[in-house]
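Inside the fold
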Amino acid sequence: VQLQASGGGLVQAEGSLRLSCAASGTIFSINRMGWYRQAPGKQRELVATITSGGSTNYAESVKGRFTISRDNAKNTVYLQMNSLKPEDTAVYYCNTFVYSSITYARDYWGQGTQVTVSS
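Report follows, based on the coordinates. (Residues numbered from 1 in each chain as written. Predicted model: local features only at pLDDT ≥ 70, side-chain atom pairs only at ≥ 80, totals over all residues. Heavy atoms only, no water.)

1. Topic: the pattern of salt bridges
Evaluation of the coordinates by the stated rule reveals five salt bridges. Residues D88 and R37 are paired through a salt bridge, measuring 3.0 Å at the closest nitrogen-oxygen approach. Linking D88 in the loop between β8 (76–81) and β9 (90–99) with R37 in strand β4 (residues 29–38), this pair joins segments that are 51 residues apart in sequence. Each member of the pair, D88 as well as R37, is classed as buried. Here R65 ties to D88 by a salt bridge, and the two come within 2.7 Å at their closest N and O atoms. Here R65, found in the loop between β6 (56–58) and β7 (66–71), pairs with D88, found in the loop between β8 and β9; they are 23 residues apart in sequence, far enough to count as distant. Side by side, R65 and D88 carry an identical accessibility label, which is buried. (Salt bridge = Lys/Arg side-chain N within 4 Å of Asp/Glu carboxyl O. Helix = DSSP H or I, 4+ residues; strand = E, 2+ residues; numbered from the N terminus. Buried < 20%, exposed > 50% of the residue type's maximum accessible area, 1.4 Å probe, protein only.)

Structure, rendered in structure tokens:
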């Protein structure tokens, strides 16, 4: 299974970006999909997750500004980021829990996409 993330870039504060992450390969089903981020000198942290049923979970710091969604037919997860702040600057990683068969499942990580917010 491979994850291809896209959509990062440089944006001014209060601007918006939309990240996408598409999973491909041997996929029977996908349970949880999510986004994490890692700023320089900091640990990787959860940004948002979404289950196959559509239940979402957000970090307190992004609630009300970020929206996670998914397209199950395309095995793709999105992160709409509005009202961006300089402290949102980080490398964003997508993460999915994929069943390649009924009996085999594991976590996968995308390659990371840089988001830089200027003040």
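Following the structure, the description resumes.
2. Topic: unusual backbone geometry
Among all residues except glycine, the phi angle is most often negative; among peptide bonds, the trans geometry is most common. One non-glycine residue, E14, lies in positive phi territory at about 75°. Along the chain, E14 turns up in the loop between β2 (9–12) and β3 (17–24).

3. So, the sheet that holds β7
Within a sheet, neighbouring strands are paired by backbone hydrogen bonds and run either parallel or antiparallel to one another. In spatial order, the strands read β1-β3-β8-β7; together these four strands make up an open sheet with antiparallel pairing. Each edge of the open sheet carries a strand with a single partner, namely β1 (2–6) and β7. Averaged over all pairs of adjacent strands, the angle between strand axes in this sheet comes to 15°, irrespective of strand direction. Bridge analysis of β1 against β3 gives five bridges, and the strand direction is antiparallel. Residue A5 lies in a different strand from β3, and its bridge partner there is C21. (Pairing = 2+ DSSP bridges. Axes fitted to C-alpha atoms, helices over the stretch in contact; angles between N-to-C directions.)

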